[in-house]
Amino acid sequence: MNTVADGSRQEAASGRPLWRSAALVAVGPRTLREGAHLLLNFPVALAAFVAAVTMLSLSAGLLVTFVGLPLLCLTLVAARGFGFLERARARGLLGSAVADPAPLRRRDDRRGLFPWMGSVLRSGQCWRSTVYAVMHLPWALITFSAVVVLWSAGFSAVAYPLWFWTLPEGNRPGINVDGQGGGWVWDSPGEVVLVMVAGAVTLWLAGWLIRGMAVVDRLLVSGLLGPSSDEQRVRQLETGRSTVADSSAADLRRIERDLHDGAQARLVALAMDLGLAKEKLSEDPEEAARMVDAAHGEVKLALRELRELARGIHPAILTDRGLGPALSAVASRCTVPVRVEVDLTERPAPAIEGIAYYTVSELLQNVSKHSRASGAVLDVWRVEDRLLLRVEDDGVGGAGTDRGSGLAGLSERLSAVDGRLTVSSPVGGPTTVSAVLPWRERSAG
């Protein structure tokens, strides 16, 4: 959401001349879009208010009949549709990215009038949209009046040289002193310039006022027409669930591929070699012994691959000894020297412990493959109800969470459990990746 403070900071940081920044505030594209939104507030709000109050009054009066409740539900649905239009208007003119609410949901799969009315009456979005349609009119009147008055005065004053001369001399604008038309008439070149300056200042002040009123409009739209906190939480949980499901499916495919291309292929070759050795046992015992020896080597390689695969699924050291020793083992396999500092007095829940382990494993793999660093530091500690991880290296930098990168997938996995990943990696280094996970206590069992 853009705010007045955000806009002023961006303009100050852009290095523009002061006069240009002032002109952008007065008549810049953002000000004109937001001003147009505020001007449209009144006719839109007036139509919505009249329709909502009329339909609510009519449905309330007919509640004693079988028509009243369906009419009330139609009114609520119409207000919900009005909310879609208002969100689109806010996105187009205010740049406010307010998400659309979830569709109406029935509690069961039954169809018909009564299940539909139940879903409408239970929908908080329908009621909030109706409240918006009724309560927005007073604010819309204020915004419309303020913009009309300030823009009319400002633009007419700036354009004063183009039209003041069309008026008769006795009717030209000025300050009336004696009530008889005598006083200060603004018709000399200096006075005309002074009026233009006053108009420019008025437009500049109007620009800031428009931006401030636009912030209020964004808050109204997001608060009353956007999804509720419960709906947003449900969406986050659904997104997290789909992310976890996709990650689990990808892990299963990886394990299946590793088994098929690695240990399974070696075991098939081993079975064939042992079959050939069995056939040669009576004919050529020395060759059979050589083949059995080769098969013994294949068994060792298959066992090593299975151990590596088992370590990738869930390392035994993590279960037996905890996060500190497990992360030290991971760091020892990194191609870059890693200093490990784990400051934990107790162990978190197994799920959090596993996520922390795999997060550090992937980060250290990135250090090995891409950083070209000479050293790295791994810190793990707890702050209240959060588990914090930090991996820092002195490599070339340039890492990011752009879509499609490994860090982007890692960030999605962490967000699925209310975690967060932050990356600081300027080109030339150093790179610091921090992860925050919720701390969950281990069960007594």
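The structure under discussion appears in the preceding block.
Read on for a plain summary of the structure.

The rules behind these values
Residues numbered from 1 in each chain as written. Predicted model: local features only at pLDDT ≥ 70, side-chain atom pairs only at ≥ 80, totals over all residues. Heavy atoms only, no water. Helix = DSSP H or I, 4+ residues; strand = E, 2+ residues; numbered from the N terminus. Buried < 20%, exposed > 50% of the residue type's maximum accessible area, 1.4 Å probe, protein only. Contact = heavy atoms within 4.5 Å. Areas by Shrake-Rupley, 256 points an atom, 1.4 Å probe, with all protein chains shown as cover. Pairing = 2+ DSSP bridges. Axes fitted to C-alpha atoms, helices over the stretch in contact; angles between N-to-C directions. Parallel < 35°, antiparallel > 145°, perpendicular 65-115°, else oblique. Left-handed = near helix turned anticlockwise from the far one by under 90°. Nonpolar A, V, L, I, M, F, W, Y, C, P; charged D, E, K, R; others polar.

**Focus on the overall build of the chain**
When helices and strands are tallied, the chain shows 14 helices and seven strands. A burial count over the chain gives 33% of its 445 residues as buried. Sequence-distant contacts in the chain: of pairs separated by 6 or more residues, those separated by 24 or more amount to 70%. When the accessible area of the chain is evaluated, it comes to approximately 25300 Å², of which 62% is carbon and sulfur surface.

**Re the pairing of strand β5 (residues 386-393)**
Two elements, strand β4 (residues 376-383) and β5, share eight bridges in a ladder whose sense is antiparallel. Bridging from a neighbouring strand, Asp379 pairs with Arg390 of β5. Between β4 and β5, which pair antiparallel and follow one another directly, the connecting turn spans two residues, one of which, Glu384, has a positive phi of 55 degrees. With eight bridges joining them, β5 and strand β7 (residues 431-438) adopt antiparallel strand pairing. Paired with Arg390 across the bridge in β7 is Ser434.

**Some thoughts on the packing of helix α12 (residues 323-332) against helix α13 (residues 350-371)**
Relative to each other, α12 and α13 sit at 20 degrees, their axes nearing to 10 Å. Judged by the angle between their axes, α12 and α13 are roughly parallel. Here the hand of the crossing between α12 and α13 comes out right-handed. Mapping the contact onto sequence places Leu323, Ala326, Leu327, Val330 and Ala331 in α12 and Glu353, Ala356, Tyr357, Val360, Ser361 and Leu364 in α13. Grouping the amino acids of the contact of α12 with α13 by side-chain chemistry returns nine nonpolar, one polar and one charged.

Any functional reading would require information beyond the geometric quantities listed.
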